[in-house]
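Geometric and topological summary
These are the residues of each chain, in order.
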Amino acid sequence: AIVLGTEMSPEEVSRFGSVKMPLVVLDTFYDSLPFDFVDMNNIGAAFAVIEHFVEHGHREIGFVKGNVEVENFRLRGRGYRRAMEQFGLPVGRQSVVPVDATYQGAYRDMLAYLKSGGKLPPALFISNDIIAYGCIKAMREHGLAVPHDISVIGFDDLPMSAVMYIPLTTFAVSKQSMGRRAFELCASKLIEGREHMPEKILIDGRLIERNSVTRRAV
């Protein structure tokens, strides 16, 4: 069995401990659990995003996080903080902005945040592309232009990201590679049986550079 664990908590994953068949959990990662996992390298991806901003002269970089309890979102947030620390950049009180994880919800929450006087740094790493679409719509309505006023990088490289009015720079991970590795891991468990030790596999991706990031004078 390959279990899609995107929104599963550690407690929910643990319930599969009594399952006798070979099992791999896909699209989430808990290093404390003795299961086979295949997930994207969220922390490494966040570092690549922050590094791209830094290479373009940005020193004030924020993170827009989806407000659902998904481990991939948490890992991206953790990677953002680690990367900011490694580059010696501050994470201020207004650096992290939570919004709903849907397009309409992200638009609504970001617009409300801006109308209430909330400030945004000139560069934003946004948890995924759908949230980015909603946030960009809200920013436009509030008079903020991407990338002139705010540079934005999303995550997932959804097809829409390439054809937006400002094509979105985003981070892409091969879902085909993740699925293939999960299948291969299942097959090896079938062959090795009880001799198989749990494996935790993280798949790297790459930054897709488009037009939503501007270079700032250093």
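Computed from a predicted model, the values in this text were never measured in an experiment.

1. Concerning the packing of aromatic side chains
- The final tally for this structure, using the stated rule, is 7 aromatic pairs.
- Considering the side-chain rings of Tyr 30 and Phe 37, the 6.4 Å spacing of their centres and the 75° angle between planes classify their relative orientation as edge-to-face.
- The class of Tyr 30 is buried, set by a relative accessible area of 6%.
- One aromatic cluster is present, built from ring pairs that chain together Phe 29, Tyr 30, Phe 35 and Phe 37.
- When the ring centre of Phe 155 is taken as origin, the NZ or CZ atom of Arg 76, which lies over that ring, is 3.7 Å away.
- Across the ring face of Tyr 165, the terminal group of Arg 140 is positioned such that the distance to the ring centre comes to 3.9 Å.

2. Brief notes about the environment of Ser 9
- Relative to the assigned elements, Ser 9 resides in the loop between strand E1 (2–4) and helix H1 (10–14).
- Taking the relative accessible area as the measure of exposure, Ser 9 reaches 22% and is therefore partly exposed.
- Counting along the chain gives 18 residues from Ser 9 to Asp 27, while the straight-line C-alpha distance between them is 12 Å.

3. Let's talk about the environment of Phe 29
- The residue Phe 29 is located in the loop between strand E2 (24–26) and strand E3 (36–40) in this model.
- By relative accessible area, Phe 29 is classed as buried at 15%.
- Placed 12 residues apart in sequence, Phe 29 and Asn 41 show a C-alpha to C-alpha distance of 9.4 Å.
- If we ignore the near neighbours within four places in the chain, the residues touching Phe 29 are Phe 37, Asp 39, Glu 71, Lys 200 and Leu 202.

4. As for the sheet that holds E2
- Reading across from one edge, E1-E2-E3-E9 is the order of the 4 strands in this open sheet, with parallel pairing throughout. Edge positions in the sheet fall to E1 and strand E9 (200–203), since each has one partner strand and no second. When the angles between neighbouring strand axes are averaged without regard to direction, this sheet yields 20°.
- Where E1 meets E2, 3 bridges bridge the pair, whose relative direction is parallel. Looking at E2, one finds that Leu 4 is bridged to Leu 26.
- Of the strands in this sheet, E1, E2, E3 and E9 touch helix H6 (residues 175–192), which is tilted by about 170° from E3.

5. Points about the pairing of strand E4 (residues 61–66)
- When you tally the buried positions in E4, you get 5 out of 6 residues, the bulk of the element.
- Two strands pair when backbone bridges link them, and E4 and strand E6 (residues 123–126) are joined in this way by 4 bridges, in the parallel orientation. Its bridge partner lying in E6, Phe 63 is registered against Phe 125.
- Sheet topology places E4 next to strand E5 (residues 96–99); 4 bridges connect them, and they run parallel.

Criteria and thresholds
Residues numbered from 1 in each chain as written. Predicted model: local features only at pLDDT ≥ 70, side-chain atom pairs only at ≥ 80, totals over all residues. Heavy atoms only, no water. Phe/Tyr/Trp six-rings, centres within 6.5 Å; stacked < 30°, edge-to-face > 60°. Buried < 20%, exposed > 50% of the residue type's maximum accessible area, 1.4 Å probe, protein only. Lys NZ or Arg CZ within 6 Å of the ring centre and 35° of its normal. Helix = DSSP H or I, 4+ residues; strand = E, 2+ residues; numbered from the N terminus. Contact = heavy atoms within 4.5 Å. Pairing = 2+ DSSP bridges. Axes fitted to C-alpha atoms, helices over the stretch in contact; angles between N-to-C directions.

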